[in-house]
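Architecture at a glance
Below, each chain spelled out in residue letters.
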Amino acid sequence: MPSVGQTTRPFWLTTLSKLEGMTKPNLFSGMQPSSGSLHLGNYLGALVNWVKLQDEFNAFYCVVDLHAITVPQDPAVLRANTRLTAAQYLAAGIDPARSSLFVQSHVAAHSQLAWVLNTITGFGEAGRMTQFKDKSQKGGVESASVGLFTYPMLMAADILLYQSKAVPVGEDQRQHLELTRDLAERFNSRFGQTFTIPEAVILKETAKIYDLQNPDAKMSKSAADTKGLVNIMDDNSTIVKKFKSAVTDTDGEIRFDRAAKPGVSNLLGIFSAISGHTVQELETRFAGAGYGTLKGDLADLVVATIEPIRDRTNALLADQAELDRLLSAAADRASEVAEATLKQVNDRLGLLPKA
Ligand code: TYM
């Protein structure tokens, strides 16, 4: 079995689910509802893969609102963004008949298991998480919340509650997945076999989509300048404008070279991921063409992909009651699985069951 850090689609994803026949292995992943839209990095780095994996896995896809509140949120905006994130999952192709699409705070077991995992995590171990270091340094360590510090243990709880075999994420979540595996192994060895050890599923080609203005940094919703950030909910002319003003270089050659030509390489990577053509095919197609042609063609392709998702998102948001009903039913299904794991955990720990 390959270890965490898989960078291509592992063979066992297919073989495993075939072998297990009717009982598909479980899969968990989530995104934070911390902005008014998912971006192209979320979509290509994770969501596209989520949609594909629904066939082979019993998938749990979560809107992780408890993670979002580790930094300040406006309550009304958080509520709206939670529905919006769920609608974007559906619009991108998550099928609520096959996968459980739910909101993290609707299943209390997430917070409960997170507490237990906090008690077996070393302070130094948690302090080594690079996402915490980056985020806390941005606003100053003194003002960072304890929730931001314990964020990875809540993420581990999300994954372990569902006995997840696979966790499709972007590259930036690799370290959190390693911690999750360590915590699962630690608990199992101290208290007896309880958790499945999860594997990260990180697609090499789309593991990291870069900011269009700053192609050495990952595309991120917390970017100071949104000119390099392409959102699913951006209108078509904004998307075109962002691609047309993407930072490239001065040598004028359309060639993939991440170190020497990060801007052009990012554009080729996005083009390849969406079109299904290899980077080499694209280099041949654009040989001798100017950057303007590449940017224009890519902008058209992105618009053609994103526009229907945006339209479906808006249509889904128009029927809020139906969206809420769907989220509630999925949370009930998720709770059954989560509660069974939590009960076992509490029992192993020696917590006295309520009479
Ligand atoms: P979040 O909300 O920051 O991002 C959601 C997903 O999008 C991926 N991603 C990217 N992929 C490629 N290029 C980028 N520029 C890019 N930016 C974001 C992320 O890797 C992620 O897969 N901690 C998680 C949420 C979470 C979670 C979980 C994930 C909470 N519990 C359990 C998996 C399993 C996060 O912050 O994602």
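Here's a quick rundown of the structure. (Residues numbered from 1 in each chain as written. Predicted model: local features only at pLDDT ≥ 70, side-chain atom pairs only at ≥ 80, totals over all residues. Heavy atoms only, no water.)

**Description of the environment of Thr 278**
Put simply, the test is: Helix and strand assignments follow DSSP, with helices taken as H or I runs no shorter than four residues and strands as E runs no shorter than two, numbered in order from the N terminus.
Position of Thr 278 relative to the elements: it lies in the loop between α11 (262-275) and α12 (279-285). Spatially, the C-alpha atoms of Thr 278 and Leu 268 are 9.0 Å apart, while their sequence positions differ by 10 residues.

**Observations regarding the site of the ligand**
Let me state the cut-off plainly: Definition of nearness: a residue and a molecule or strand are near each other if at least one heavy atom of the residue lies within 4 Å of the molecule or strand. Whenever a nitrogen or oxygen atom comes within 3.5 Å of another N or O atom, the pair is scored as a polar contact, on the condition that within protein one atom can donate a hydrogen and the other can accept it, and that pairs from neighbouring residues in sequence are kept only if both atoms are in side chains. The accessible surface values rely on the Shrake-Rupley method and a 1.4 Å probe; as for residues, cover is taken only from the protein chains in view. Throughout this entry, Asp, Glu, Lys and Arg are counted as charged residues, while Ala, Val, Leu, Ile, Met, Phe, Trp, Tyr, Cys and Pro are counted as nonpolar. The remaining residues, Gly among them, count as polar.
Taken together, 28 residues sit near the ligand, with Tyr 151, Asp 158, Gly 170, Asp 172 and Ile 209 positioned nearest. The separation between a nitrogen atom of the ligand and a polar side-chain atom of Tyr 151 is 2.7 Å. One nitrogen or oxygen atom from the side chain of Gln 173 is found 2.9 Å from a nitrogen atom belonging to the ligand. Summarising the interface, the protein chains cover 97% of the accessible area of the ligand, which totals 710 Å² for the free molecule. Listed by contribution, the elements that provide at least two residues to the shell around the ligand are β1 (26-31), α2 (40-53) and α8 (146-161). Along the lines of polarity and charge, the residues of the shell around the ligand split into 12 nonpolar, 11 polar and five charged.

**Things to note about the packing of helix α4 (residues 75-92) against helix α13 (residues 291-318)**
Cut-off, in case you're wondering: The axes are straight lines fitted to the C-alpha atoms, using for helices just the contacting stretch, and the angles between their N-to-C directions are given from 0 to 180°. Angle categories are assigned with fixed cut-offs, so that under 35 degrees is roughly parallel, over 145 is roughly antiparallel, 65 to 115 is roughly perpendicular, and the rest are oblique. Crossing chirality is assigned from the near helix's rotation relative to the far helix, an anticlockwise turn below a right angle marking it left-handed and a clockwise turn marking it right-handed. Contacts are assigned to residue pairs with any non-hydrogen atoms lying within 4.5 Å of each other.
Two numbers describe how α4 lies on α13: the axes approach to 8 Å, and their chain directions differ by 125°. The angle between the axes of α4 and α13 places the two elements in the oblique class. Crossing of α4 against α13: the hand is right-handed. Contacts from Arg 83, Leu 84, Ala 87, Gln 88, Leu 90, Ala 91 and Ala 92 of α4 reach α13 at Ile 309, Arg 312, Thr 313, Leu 316 and Leu 317. In the contact of α4 with α13, the residues fall into eight nonpolar, two polar and two charged.

**Things to note about the pattern of salt bridges**
Working definition: two side chains of opposite charge can pair if their charged atoms are close together. The criterion, for reference: By convention in these notes, a salt bridge is any Lys or Arg side-chain nitrogen within 4 Å of a carboxyl oxygen on Asp or Glu. Each residue is placed in one exposure class: buried if its accessible area under a 1.4 Å probe, protein chains only, is under 20% of its type's maximum, exposed if it is over 50%, and partly exposed if it falls in between.
In the structure shown here, the tally under the stated rule is 15 salt bridges. Of the charged contacts in the structure, one is a salt bridge between Arg 181 and Glu 199, with a shortest N-O distance of 3.8 Å. Remark: Glu 199 occurs in strand β5 (residues 199-201) and Arg 181 occurs in helix α9 (residues 174-191); sequence separation between them is 18 residues. Each member of the pair, Arg 181 as well as Glu 199, is classed as buried. One network of salt bridges, in which partners are shared, links Asp 249, Asp 251, Glu 253, Arg 255, Asp 257 and Lys 261.

**Observations concerning the packing of helix α5 (residues 109-118) against α8**
Where α5 contacts α8, the two axes come as close as 8 Å, and the packing angle between them is 120°. Classed by the angle they form, the pair α5 and α8 counts as oblique. Between α5 and α8 the crossing geometry is right-handed. Residues Ala 109, His 110, Ser 111, Leu 113, Ala 114, Leu 117 and Asn 118 of α5 touch α8, and the partners they reach there are Thr 150, Met 153, Leu 154, Ala 156, Ala 157, Asp 158, Leu 160 and Leu 161.

**So, α8**
The cut-off we apply is this: By definition here, a helix of n residues has an expected span of 1.5 Å times n minus one.
For α8, which comprises 16 residues, the first-to-last C-alpha distance of 22 Å matches the rise-based estimate of 22 Å (1.5 Å per residue) to within 8%. Within α8, 13 of the 16 residues are buried, which leaves it mostly tucked inside the rest of the structure. Phi turns positive, to about 50°, at Gln 163, one or two residues after α8.

**Quick notes on the nonpolar core**
One broad trend across soluble globular proteins is that nonpolar side chains are buried collectively. In plain terms, the rule: Put simply, a nonpolar core is a bunch of buried Ala, Val, Leu, Ile, Met, Phe, Trp, Tyr and Cys residues held in one set by side-chain atoms that sit within 4.5 Å of each other.
If you look at the biggest cluster of nonpolar residues, it comprises 55 residues, and the most contacted ones within it are Leu 40, Leu 47, Tyr 89, Val 230, Phe 243, Ile 270 and Val 302. Per element, the largest residue contribution to this core is eight residues, and it comes from α13. Non-local contacts of Tyr 89, meaning those with residues more than four positions away in its chain, are made with Gly 30, Met 31, Leu 38, Leu 47, Trp 50, Tyr 61, Cys 62, Val 63, Ile 94 and Leu 101. Core analysis: the next-biggest nonpolar cluster, separate from the first, contains 44 residues, Phe 132, Tyr 162, Val 167 and Phe 187 among them.

**Looking at the packing of aromatic side chains**
Note the following rule: Any Phe, Tyr or Trp ring, taking Trp's six-membered ring, that has another such ring centre within 6.5 Å forms a pair; planes under 30 degrees apart are called stacked, those over 60 apart edge-to-face, and the others tilted.
Applying the stated criterion across every chain, the model contains 11 aromatic pairs. Both rings, one in Phe 28 and one in Tyr 162, keep their centres 5.4 Å apart while their planes meet at 15°; by these two values the pair is stacked. Linking Phe 28 in strand β1 with Tyr 162 in the loop between α8 and β4 (166-168), this pair joins segments that are 134 residues apart in sequence. Residue classification places Phe 28 among the buried residues on the basis of a relative accessible area of 2%. With centroids separated by 5.9 Å and ring planes inclined at 55°, the aromatic side chains of Phe 102 and Tyr 162 adopt a geometry described as tilted. Separated by 60 residues along the polypeptide, Phe 102 in strand β3 (residues 100-103) and Tyr 162 in the loop between α8 and β4 bring together distant segments of the chain. The same class applies to Phe 102 and to Tyr 162, which are both buried. Grouping aromatic residues by their ring pairs yields a cluster made of Phe 28, Phe 60, Phe 102 and Tyr 162.

**A short note on the pairing of strand β2 (residues 58-63)**
We apply this condition: In this scheme, strands are said to pair when DSSP sees at least two bridges between them.
With five of six residues buried, β2 is to be regarded as a mostly interior element. By the bridge criterion, six bridges tie β1 to β2 in an arrangement that is parallel. Within the sheet, the bridge partner assigned to Asn 26 lies in β2 and is Asn 58. Across four bridges, β2 lies against β3 in parallel orientation. Bridging across to β3, Phe 60 finds its partner in Ser 100.

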